[in-house]
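Structural features, examined
Given next are the chains, with one letter for each unit.
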Amino acid sequence: MRKNMFVIAFLLCSLLPLAASPITLFEAGKELQYHENWYGAVELYQQALKENPAYNAVYQGLAECFYALGEYDQAIVYAEKARRYAPQDVDIENLYAFILIGIGKLEDAQKIFSGILNRYPNNLDARFGMAEIEVTGGRLTNASELYTAALRRQSENRKALLSLALLSHETGNTKAAESYVSRALQYHGDNAQVHYFAGYLAALAGKLSEAEGRIRAALTINEEYDQARALLCSLLYSSGRYREAITVADLRIASDRKRADAWYLKALCLMKLKDNTQAFEAAQTGLSVDSENELMRTLLEDIAVQTFDFEDAQRKSLAKAHQTKGDSFLNRNMTDQALYEYRRALKVYPYDTDSRQAYSNILMRQGFYERAIQQLEFIQSIEKSTARINDTVEAYSKMLDHSVRNRWKIDPLYLNKAHLSIGLFYQVNAANVFHPEAEKLTSALINDILSYNRRFAISANLDTPSSYMEAFRKARTAGNDYFGIVSLRENERDIQITLDLYVGRTGSKAETLMVYRSGNDRFSNAVRRITDMFGQAMPVIGSIAGRSQAEAVIDIGSGDCDFTDYTIEIVKNGTVTIANEGIGLLYNEKDVLGTFTIGRIAEDLTEGTLTRKGYYDKMTKGDLAVLIYSDPQKIGNKTEKTVDGADRRGQQMSQLLSLLRSIH
């Protein structure tokens, strides 16, 4: 029946004459809105307004559609017009207050909800609104109490039951979540959304078969339920049924070719089926319909790197986008972002001389002349040099004749500066409908960025996702000092990346690094930030690379850390161990052989003088140089940086909020 009604509404949308009555247009729009075809409903509502600009119900419908789309600025315009025509309508007041929450005006929304509850104590929508305000502030217990109070007034209320199920899962009470879902299914077994959320929570619990059954039940009730189709596609992919997943993805694409997440998953499936050429075409189409989708672009680039030769035109074209973006960041003095873009361009197309030269210029401005010259020498090696590049290499090479490396005859390229080894793993979220295996792409990017930091030896385990026990076993077997597990949560507007760090020897928790980002470039910004936090959190260890009487050189330089507020102890080689838990180093005071006083600092090396501890001078090449904070206050500041985000609670709850708001 619902399918037939949807077909009738679709025909109305395409065949209604321009002079159709406002009531007919409104009713057709309402049917499309019921089936969550927000854009189609908006189009019909707009036509109805042309016929009757004072049609209050149409303004309310437009406000509801734009609210569902997350376009709160537009939603509030129509909600205000609806209020003007019906100032005493409680439903419109509630809608207006919900929109105020969306744009961050929580106090104003709370006043409206409180006013409604003073007049109508049993108004459930107002109670739901108050609960949403609590969720926005991260106060989930208070929110649960409000939903429970609503349930006491109406024991079968679908929104209250599903909301409590989601909140219970968020707080780790899986039994309560299952109980609320069971009650929702008991009372509303004919509702597609109830089956969808039952499947969603089952997927989060790793019960893929049960989840699939629930989602298929939702689609039996409503064949056009795209959210359920998207989750089914993700579940089929997680179960290794790639051809079935492609079939579902194709259904979604046939319904709307602009569904970028369907193209993304289709590309993933084709990669698993070893059809990289078609996978590339699918990802390319997906990027064309959503050019700002960073995960889609990352996937497309990874396919290109695996499929095409180094000098292939496809790789060159993809690198060009990063070069253009890097140039734009550089023009706005956003150096970190520009570095990321140029490095990504060179990863995709190593022969991109424009990006390599721009990258070299940034390194020079930062004082990293040796690394800058290495980039220009690569351009010379592929015979794409210019007179200007040749002159620059010659001039700076002469300038470096008296560098620390030349004085000590040490080439940093042949130094093993990586005194800490880290295993990198990832876990997948089965309910990640937007970008399945985004965690794998994120781990690969973290690995790429950290490869530029020579302090660390990173071994990325990207073949399959790993549980904690698998990661611990592999890291311990490999002798990693630490291992990290990447996880990711996202919705249409926000992303949260978490890197849980553990001690490789004991498996104990070392640190949790979390980053929240929203808006444009949120993915790349989050990845860059979490790698910065990782570098700041890890201890700084070097070693004596050369010694001549009291003078010595250690393999730590300005490219590795900022020496401000550090003192450097020389510790006997082989006596330093990783702390059993947390991030830190352990060694006995008797193994401290002396101290190192900084002299000349280069990019990869630092020259200075040694001062022995005790009567005998036992310091020799290979002994460790451990950097110690001289200001204890710094340690506290460092620890506080493990969580990053302008509005931690608000962004942390954004995914939960989007789910709660979708319940109708």
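Look up: the structure comes first, before these words.
Residues numbered from 1 in each chain as written. Predicted model: local features only at pLDDT ≥ 70, side-chain atom pairs only at ≥ 80, totals over all residues. Heavy atoms only, no water.

1. Some remarks on helix H19 (residues 313-331)
Over its 19 residues, H19 extends 27 Å from the first C-alpha to the last, a length consistent with the 27 Å expected when each residue adds 1.5 Å. Tucked into the core, H19 has its buried residues touching helix H17 (276-289), helix H18 (294-307), helix H20 (335-348) and helix H21 (353-365). The backbone nitrogen of Gln314 lies 2.7 Å from a side-chain oxygen of the residue at the head of H19, namely Asp312. (Helix = DSSP H or I, 4+ residues; strand = E, 2+ residues; numbered from the N terminus. Expected span 1.5 Å × (residues − 1). Contact = heavy atoms within 4.5 Å. Polar contact = N/O pair within 3.5 Å; in protein donor to acceptor, adjacent residues only side chain to side chain.)

2. Quick notes on the pattern of salt bridges
With the rule as written, the count across this model stands at 33 salt bridges. Among the salt bridges present, the one from Glu170 reaches Arg489, with a minimum N-O distance of 3.4 Å. Of this pair, Glu170 sits in helix H10 (residues 158-170) while Arg489 is found in strand S3 (residues 482-490), placing the two residues 319 residues apart along the sequence. A relative accessible area of 25% means that Glu170 is categorised as partly exposed. Judged by relative accessible area, Arg489 falls into the partly exposed class, the value being 24%. Notably, a salt bridge pairs Glu437 with Lys272, separated by 3.8 Å at the nearest N-O pair. In this pair, Glu437 sits in the loop between strand S1 (420-426) and helix H25 (438-450) while Lys272 sits in helix H16 (residues 260-272), placing the two residues 165 residues apart along the sequence. Given the relative accessible area of 15%, Glu437 is considered buried. Salt bridges sharing common partners tie together Arg371, Lys417, Arg454, Asp560, Glu603 and Asp604. (Salt bridge = Lys/Arg side-chain N within 4 Å of Asp/Glu carboxyl O. Buried < 20%, exposed > 50% of the residue type's maximum accessible area, 1.4 Å probe, protein only.)

3. Let's talk about the pairing of strand S12 (residues 606-612)
Sheet analysis places strand S7 (residues 551-554) next to S12, joined by four bridges and oriented antiparallel. Each residue of the ladder has a partner; that of Ile554, found in S12, is Thr606. By the bridge criterion, six bridges tie strand S11 (residues 592-601) to S12 in an arrangement that is antiparallel. Within S12, the residue paired with Gly594 across the bridge is Arg612. Taking the residues between adjacent antiparallel strands as the criterion, S11 and S12 are bridged by four residues. (Pairing = 2+ DSSP bridges.)

4. A closer look at the side chain of Glu439
Mapped onto the fold, Glu439 is located in helix H25. The side chain of Glu439 sits in the buried core without any salt bridge; Arg489 is the nearest counter-charge, 9.3 Å away. Every residue in contact with Glu439, bar those within four places of it in the chain, is listed here: Tyr426, Gln427, Val428, Asn429, Asn432, Val486, Ser487 and Leu488. (Lys, Arg positive; Asp, Glu negative; His and termini not counted.)

5. Description of unusual backbone geometry
In most cases, non-glycine residues show a negative phi, while peptide bonds are predominantly trans. Positive phi, close to 65°, is recorded for Lys274, a residue that is not glycine. The topology assignment puts Lys274 in the loop between H16 and H17. For Lys274, a relative accessible area of 73% puts it in the exposed group. One non-glycine residue, Glu437, lies in positive phi territory at about 65°.

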